[in-house]
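Below are the chains, spelled out letter by letter.
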Amino acid sequence: MKKIVALNLKMNLGYEEALEYVNTIKDKISDTYEVIFFPSAIFLHLFKKSGYQIGSQNVHYENKGAFTGEISPYQLKTSGIDYTIVGHSERRLYFKEDDKLINKKVIGALKNNLKVILCVGETDEERRLKKTALVISNQIERALKNIDSFDLRDVIIAYEPVWAIGSGKTPSKEEIADAIKFIKKIIFQRYDINIRVLYGGSVNKDNIKTIMNIENVDGILVGSSSFNPNYLISMIDIID
Ligand code: PGA
């Protein structure tokens, strides 16, 4: 299976910039990896023309209804979108998404055959209190409540320590390896399947090769380092 390079563009790019971005990346990124772009919803169609896989940064749990401003998993799937991120720490923090809501979103997405990248990770304080394993384990258990091992085949987990996102700081190689091994172990114990786990948080040109080569890492979720398409292309070239 190819390693995943997932690119979270967050709330960036104007219309002209998005057009230019898509033109710049077209045919430029090695197909050694499964590349998935997560642009703002308004640019999903535009990015679809890039030829790469496309996903949504967020999703509602219902298919239809009176939920002004939301985008449903049904709308995504019927628009040719195959992936969605659920539980990103920025959504947990700024939009007060809790594990219960995240669980509903995962279920709604899976029902529509969307592939889910579920983000989990500890805050700085939880890390200092040595609660990383407990936090990750609770987040996973709650987010995946009432989901069976068959459906779990469409779930990828991204280990994203909150303190590493956008901060320029990353855990050590050993810490990443341990967290990923731990996530795979708890999923295997509970569901008897092997799940893919990504690392996310301040991946850049200086650390991408090391992180991609850590044992058990099935790929990366990149934010800031994907905002400039030329930087992104040269960063991915470094892995090869
Ligand atoms: P970052 O963001 O690469 O800017 O740390 C990662 C993410 O938001 O998934």
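Just so you know, these numbers come straight off a predicted model, no measurement behind them.

### Describing the overall build of the protein chain
(1) Moving on: Assigned secondary structure in the protein chain consists of ten helices and eight strands.
(2) Moving on: Over its C-alpha trace the protein chain gives a radius of gyration of 17 Å, about what one expects of a compact globule, namely 18 Å for 240 residues.
(3) Moving on: With the C-alpha coordinates aligned to their principal axes, the bounding extent of the protein chain is approximately 45 × 45 × 35 Å.
(4) Moving on: Out of the 240 residues in the protein chain, the part that is buried amounts to 52%.
(5) Moving on: Across the protein chain, contacts joining residues at least 24 apart in sequence account for 72% of those joining residues at least 6 apart.
(6) Moving on: Surface accessibility of the protein chain: about 11,900 Å² in total, with carbon and sulfur atoms responsible for 49%.

### Quick look at the sheet that holds strand β6 (residues 155–159)
(1) Moving on: Taken together, eight strands build a closed barrel; the order of strands is β1-β2-β3-β4-β5-β6-β7-β8 and the barrel is parallel. Going across the sheet, the axis of each strand differs from the next one's by a mean of 25 degrees, ignoring polarity.
(2) Moving on: Looking at chain direction, β6 and strand β7 (residues 196–200) are connected through four bridges and run parallel. The residue bridging Tyr 159 from the neighbouring strand is Tyr 199, located in β7.
(3) Moving on: Across the face of the sheet, helix α5 (residues 99–111) comes into contact with β4 (83–86), β5 (115–120) and β6 while running at roughly 160 degrees to β5.

### Observations concerning the nonpolar core
(1) Moving on: With 65 residues, the main nonpolar core has Phe 37, Phe 47, Leu 118 and Leu 144 as its most contacted residues.
(2) Moving on: The element best represented in this core is helix α8 (residues 173–191), accounting for eight residues.
(3) Moving on: With residues up to four places along the chain from it excluded, the contact list for Leu 118 reads Val 86, Ile 102, Val 106, Ala 143, Leu 144, Val 155, Ile 156, Ile 157 and Ala 158.
(4) Moving on: Residues Ala 6, Phe 38, Ala 158 and Leu 198 belong to the second largest nonpolar core, which totals twelve residues.

### A look at the site of the ligand
(1) Moving on: Looking at the ligand, there are 13 residues lining it, with Lys 10, His 88, Glu 160, Gly 166 and Ser 224 nearest.
(2) Moving on: Glu 160 has a polar side-chain atom sitting 2.7 Å from an oxygen atom of the ligand.
(3) Moving on: Contacts to the ligand include Ser 202, whose backbone N or O atom sits 2.7 Å from an oxygen atom.
(4) Moving on: Relative to its unbound accessible surface of 280 Å², the ligand loses 100% to contact with the protein.
(5) Moving on: Of the residues belonging to the shell around the ligand, the class tally is four nonpolar, seven polar and two charged.

### Concerning empty space enclosed by the protein
(1) Moving on: The tally for this structure, following the rule as stated, stands at one cavity of 30 Å³ or more.
(2) Moving on: Here the largest cavity is characterised by a volume of approximately 30 Å³.
(3) Moving on: A per-class count over the lining of the largest cavity returns two nonpolar, four polar and three charged.

### Some remarks on the pattern of salt bridges
(1) Moving on: Tallying each qualifying case throughout the model produces ten salt bridges.
(2) Moving on: When the shortest N-O distance is used, the salt bridge between Asp 99 and Arg 92 registers 2.9 Å. Note on accessibility: Asp 99 and Arg 92 belong to one class, buried.
(3) Moving on: With a closest N to O distance of 2.7 Å, Lys 105 and Glu 97 form a salt bridge.
(4) Moving on: Its relative accessible area of 6% is what places Glu 97 among the buried residues.
(5) Moving on: Within the structure, one salt-bridge network assembled from shared partners comprises Arg 91, Glu 97 and Lys 105.

Cut-offs and rules
- Residues numbered from 1 in each chain as written.
- Predicted model: local features only at pLDDT ≥ 70, side-chain atom pairs only at ≥ 80, totals over all residues.
- Heavy atoms only, no water.
- Helix = DSSP H or I, 4+ residues; strand = E, 2+ residues; numbered from the N terminus.
- Rg over C-alpha atoms; globule rule 2.2 N^0.38 Å.
- Buried < 20%, exposed > 50% of the residue type's maximum accessible area, 1.4 Å probe, protein only.
- Contact = heavy atoms within 4.5 Å.
- Areas by Shrake-Rupley, 256 points an atom, 1.4 Å probe, with all protein chains shown as cover.
- Pairing = 2+ DSSP bridges.
- Axes fitted to C-alpha atoms, helices over the stretch in contact; angles between N-to-C directions.
- Core = buried A, V, L, I, M, F, W, Y, C linked by side-chain atoms within 4.5 Å.
- Near = heavy atom within 4 Å.
- Polar contact = N/O pair within 3.5 Å; in protein donor to acceptor, adjacent residues only side chain to side chain.
- Nonpolar A, V, L, I, M, F, W, Y, C, P; charged D, E, K, R; others polar.
- 1 Å grid on protein atoms, 1.4 Å probe; cavity = no way out; pocket = protein on both sides within 12 Å on 5 of 7 lines; lining within 4 Å.
- Points joined across faces, edges and corners; volume = space filled by probe spheres on them.
- Salt bridge = Lys/Arg side-chain N within 4 Å of Asp/Glu carboxyl O.

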